[in-house]
Amino acid sequence: MSNETLRDTFFAECEELIESLTEGLEVVASGAWDGETINAIFRAVHSIKGAAGAFGFTDLVTFAHAYETVLDLIRSDKLDIAPEVLRLITRSSDALAELVDTTRQQGSASLDPVRDLIGELEATAKDAKADTPPEPEFTWAPLALLPIEVEEPAPAATGFSIRFAPGGAFYANGHEPVRFLSALDALGTLSVACDTSAVPPLDGFDVDTGYLVWNLRLEGATDENAIRRVFAFAEGLCTLDIAPLGEGSPLPEVAAEPAPLFIARAPAPPPADIPAGGSAPEPAEATPQAATPAAPPARAAPRPPAPAVQTTLRVDPERVDRLINSVGELIINHAVISQKLDSCGLGTDSEIMAALDDYRYLAREIQEAVMSIRAQPVKALFQRMGRVVREAGEATGKPVMFISEGEATEIDKTILERLADPLTHMLRNSVDHGLETAEKRRAAGKSEVGSVRLSAAHRSGHVVIEVSDDGAGLNRERILAKAMEKGLVPPDAKLTEPEIDNLLFMPGFSTAENVTNLSGRGVGMDVVKTTITSLGGKVGISSLAGEGSTFTISLPLTLAVLDGMIIGVGAETMVLPLSSVVETVRPQRRDIHEIAGELVLSVRGTYVPIVDLALLFGMRSAKGQSAERSYVLLDAGGASIAVAVDAIQDQRQVVIKSLEGNYGTVPGIAAATILGDGKIALIIDSEALVELVSPRRNARPLIELEA
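Every value quoted in this text rests on a predicted model; they were computed, and no experiment measured them.

## What about the pattern of salt bridges?
All told, the structure shown has 25 salt bridges when counted by the stated rule. For D357, the salt bridge is made with R360, and the minimal N-O distance between the two is 3.8 Å. With D357 and R360 both in helix α11 (residues 351-374), this residue pair falls 3 residues apart, about one helical turn. A relative accessible area of 31% means that D357 is categorised as partly exposed. For R360, a relative accessible area of 37% gives the class partly exposed. With a closest N to O distance of 2.5 Å, E405 and R453 form a salt bridge. Of this pair, E405 sits in strand β6 (residues 400-405) while R453 sits in strand β8 (residues 450-459), and the two are 48 residues apart along the sequence. Looking at E405, the relative accessible area reads 37%, which means it is partly exposed. Accessibility expressed as a relative area gives 30% for R453, which makes it partly exposed. Salt bridges sharing partners connect three or more residues here, namely D94, E98, R387 and R390.

So, in structure tokens, the structure goes:
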């Protein structure tokens, strides 16, 4: 195994250890921790330290050692987890995770950003050791030996009480109880009593059931292991209880007189088995064991299965990507065969078309199974976001509680890796702009500690991630005034609430009075919008004054396959993402108007701007107002537009092929796909389409028809 492979394995294990570390700290913060919780946290840091030392990551080892020292004092009860200590070890966990990430990306990490934190860890450890009382000094003193009188105890009987209850399977395997009793007799002095109380009348007798139970008393110098070796061949075929002789023995006592190994079958009741040379023994007292048939059912009860061990398999992501590409080619191949069969005029009820449908279902199942391989839970990402919220709270001086939900929700690994930056900006924005200070929250009748919630869930074939806070909500008047001040909105503009909310995503827009480490430059929410749009997702905002705000991100489950609407634009075929399509319209001529040099479509009392794709992409030189053309209404980032197309052909699943890696960036085009006839179709970028037509569309109000 190469050194590079070992390094990758080390960092993968570090992710798991940091995840375990974060979970343990969450338990400690909740107050429901115990000694094992602290031990698990200590083991995680110690494992990272040891493995980092093997690879020569000395800075990582240095910090982990300082962190480990404090944890060791906590687990040895020399340091209490006071609030300041909890904050210290939580910050240290965040710093350790950052050092691991930096080491993975750059090959090494510097201790400069964490030197103050190391100083705090060392000072805390030093204070804890100083507060620990010293060990008492041991002084030698002579011992005076006094005579002790000891009474010799009466010798106790040595041996075991044995309860032997063979089941039906015992006899079915050809075993005879007498052979086992003979072997026991060789170990010492054996006394035998057979319990026949469970034998039913003849009409209820089952030959496949064992009813007899032997209560045995074995005296002599032997041990329990020797007895169990006698019954080794009957393991699982009988019930065997062994207890030492004595007053605390749970098994029924057996008469001490030796008994013959062969016991005649008892005649009709009420006689009982009578040991040789003795009188009939008193029946044993009823116990839960004796009150029910001692033998198991006709078939020996199987042993409970061992708990299944969940194993994971680490696979090179490139192999998974190659597999996904192959599945994409499989889907394309199905489209090719389907289109060729359609051109042959075969009916949908023909055998070959039925077989093609089976092929389609199988390809879809394979595609979903392969996508699930690359899907990963958002838990690790959400844990990182917890660190972001804590750091933002400390930077702003606002007490904040982070709540995460839906951590088991799975999403494509490619999307997951690109979500870190948008979520970081959104969470910092929630803490800095959304939450009020402790004084304002107290004056508003709220808890001084604000809460930021991050949740994920699957809804309608998409992954929905929500970032919400219980702050003051959006101040839309201030947002609009700030946009007018920066010249982003005309002074006489009248915007709806959704349009005002979308101003937050414009480049350079910020409501912060001063530039800080967290905000003020107007790039955070712009990064959110750009990244989410490039992933084929959408961002929505809802807010109530005084109650808080919620930012909702809707993302596709995967970036490999897209549900699209096939359209004709001039002589070309293109694809519109189905997630952006609201409806299709065939308007009348009176529904199309020209206002201020722009074509608009009247839809239920509202004018919607028309985007002529053929004109936009240079396939037609003049504006076409023909009502015979089809129009597709799109919801693109809160802005509604009507896309004029020449034909709506089909709705199907297409395989996404990147243009950036194979050709280059094309404005208004997100990617490409291969159709069943082998031709390439471009996939429209709905969000970019709005920006191309009107870069300041978000600042333009919709024109309402007068009554």
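Next comes the rest of the write-up.
## Section: the sheet that holds strand β1 (residues 159-166)
In spatial order, the strands read β2-β3-β1-β4; together these 4 strands make up an open sheet with antiparallel pairing. Looking at the sheet topology across the chains shown, the edges are occupied by β2 (189-195) and β4 (238-244). Between one strand axis and the next, the sheet turns by 15 degrees as a mean value, whatever way the strands run. With 7 bridges connecting them, β2 and strand β3 (residues 213-219) associate as antiparallel partners. Bridge pairing links C194 to W214 in β3. Relative to β3, helix α7 (residues 177-185) is tilted by about 15 degrees, and along the sheet it contacts β1, β2 and β3.

## Concerning helix α16 (residues 476-485)
For α16, the set of buried residues is R476, I479, L480, K482 and A483. Seen from one end, α16 has its buried residues packed into an arc of 160 degrees, which puts them on one side. Exposed residues lying more than 90 degrees from the buried face of α16 are E477 and E485. In this fold, the buried residues of α16 make contact with α17 (497-502) and β10 (538-544).

## A few points about the layout of surface pockets
In this model, the largest pocket occupies a volume close to 2100 Å³. Lining the largest pocket we find 50 residues, and of these A12, E15, R104, Q376 and K413 sit closest to its centre. Counting residues per element, the ones that place at least two in the lining of the largest pocket are α1 (3-30), α4 (83-106), α10 (317-343), α11, β5 (375-377), α12 (379-396), α13 (413-418) and α14 (420-434). No other element matches α1, which puts 14 residues into the lining of the largest pocket. Here the residues of the lining of the largest pocket are counted per class, giving 19 nonpolar, 11 polar and 20 charged.

## Thoughts on the sheet that holds strand β9 (residues 462-469)
Read across the sheet, 5 strands follow the order β6-β8-β9-β11-β10 without closing on themselves; strand pairing throughout is mixed. Single-partner strands in this sheet number two, and they are β6 and β10. Ignoring strand direction, the axes of neighbouring strands in this sheet form an average angle of 15 degrees. Of the strand pairs in this sheet, β10 and strand β11 (residues 548-556) are connected by 7 bridges, and their pairing is antiparallel. Each bridged residue has a counterpart across the sheet, and for G540 the counterpart in β11 is T552. This element, α14, spans β8, β9 and β11 of the sheet and lies at about 25 degrees to β9.

## Some points on the nonpolar core
Residues L419, L423, I465, L503 and L555 are the most contacted members of the largest nonpolar core, which totals 46 residues. Top contributing element to this core by residue count: α12, with 6 residues. Sequence-distant contacts of L503, that is, excluding residues within four places in its chain, are made with I479, L480, A483, V489, L495 and F509. If you look at the next biggest cluster of nonpolar residues, it comprises 42 residues, including V28, I38, I74 and L88.

## Topic: the confidence of the model for the chain
Averaged over every residue, the pLDDT of the chain is 77; the share at 70 or more is 79%. Confidence drops under a pLDDT of 50 for residues 256-309, and excluding neighbours within four residues, the segment shows 59 contacts in the predicted structure. Contacts of residues 695-707 to residues separated by more than four positions or lying in other chains number 37 contacts, the stretch itself having pLDDT below 50.

## Thoughts on the packing of helix α3 (residues 58-75) against α4
In the contact formed by α3 and α4, the axes pass within 11 Å of each other and the chain directions differ by 155 degrees. By the criterion of interaxial angle, the relationship of α3 to α4 is roughly antiparallel. Here α3 runs over α4; the crossing is left-handed. Residue-level inspection shows L60, F63, A64, Y67, V70, L71 and I74 of α3 in contact with α4, the latter providing V85, I89, S92, S93, A95, L96, L99 and V100.

## Topic: a nonpolar patch on the surface
Taken together, the side chains of V199, L202, F205 and V207 define a hydrophobic patch exposed on the protein surface, amounting to about 420 Å² of accessible area. Take L202: it is sitting in the loop between β2 and β3.

## Section: the packing of aromatic side chains
Inspection of the entire model under this criterion finds 14 aromatic pairs. Here the aromatic rings of F180 and F231 are separated by 5.6 Å at their centres, their planes lie at 10 degrees, and the arrangement is stacked. In this pair, F180 sits in helix α7 while F231 sits in the loop between α8 (224-230) and β4, placing the two residues 51 residues apart along the sequence. The class of F231 is buried, set by a relative accessible area of 3%. An aromatic cluster of three or more residues is present, and its members are F164, F170, Y171, F180, W214 and F231.

## Thoughts on unusual backbone geometry
Look at D77: it is not a glycine, yet its phi comes out positive at around 60 degrees. You can see D77 is positioned in the loop between α3 and α4. For D77, a relative accessible area of 69% corresponds to the exposed category. The phi angle at R604 is positive, at roughly 50 degrees, despite the residue not being glycine.

Cut-offs used in this document
Residues numbered from 1 in each chain as written. Predicted model: local features only at pLDDT ≥ 70, side-chain atom pairs only at ≥ 80, totals over all residues. Heavy atoms only, no water. Salt bridge = Lys/Arg side-chain N within 4 Å of Asp/Glu carboxyl O. Helix = DSSP H or I, 4+ residues; strand = E, 2+ residues; numbered from the N terminus. Buried < 20%, exposed > 50% of the residue type's maximum accessible area, 1.4 Å probe, protein only. Pairing = 2+ DSSP bridges. Axes fitted to C-alpha atoms, helices over the stretch in contact; angles between N-to-C directions. Contact = heavy atoms within 4.5 Å. Arc of directions from axis to C-beta. 1 Å grid on protein atoms, 1.4 Å probe; cavity = no way out; pocket = protein on both sides within 12 Å on 5 of 7 lines; lining within 4 Å. Points joined across faces, edges and corners; volume = space filled by probe spheres on them. Nonpolar A, V, L, I, M, F, W, Y, C, P; charged D, E, K, R; others polar. Core = buried A, V, L, I, M, F, W, Y, C linked by side-chain atoms within 4.5 Å. pLDDT = per-residue confidence, 0-100. Parallel < 35°, antiparallel > 145°, perpendicular 65-115°, else oblique. Left-handed = near helix turned anticlockwise from the far one by under 90°. Patch = residues over 30% accessible without salt bridge, like charges linked within 9 Å, V, L, I, M, F, W, Y side chains within 5 Å. Areas by Shrake-Rupley, 256 points an atom, 1.4 Å probe, with all protein chains shown as cover. Phe/Tyr/Trp six-rings, centres within 6.5 Å; stacked < 30°, edge-to-face > 60°.

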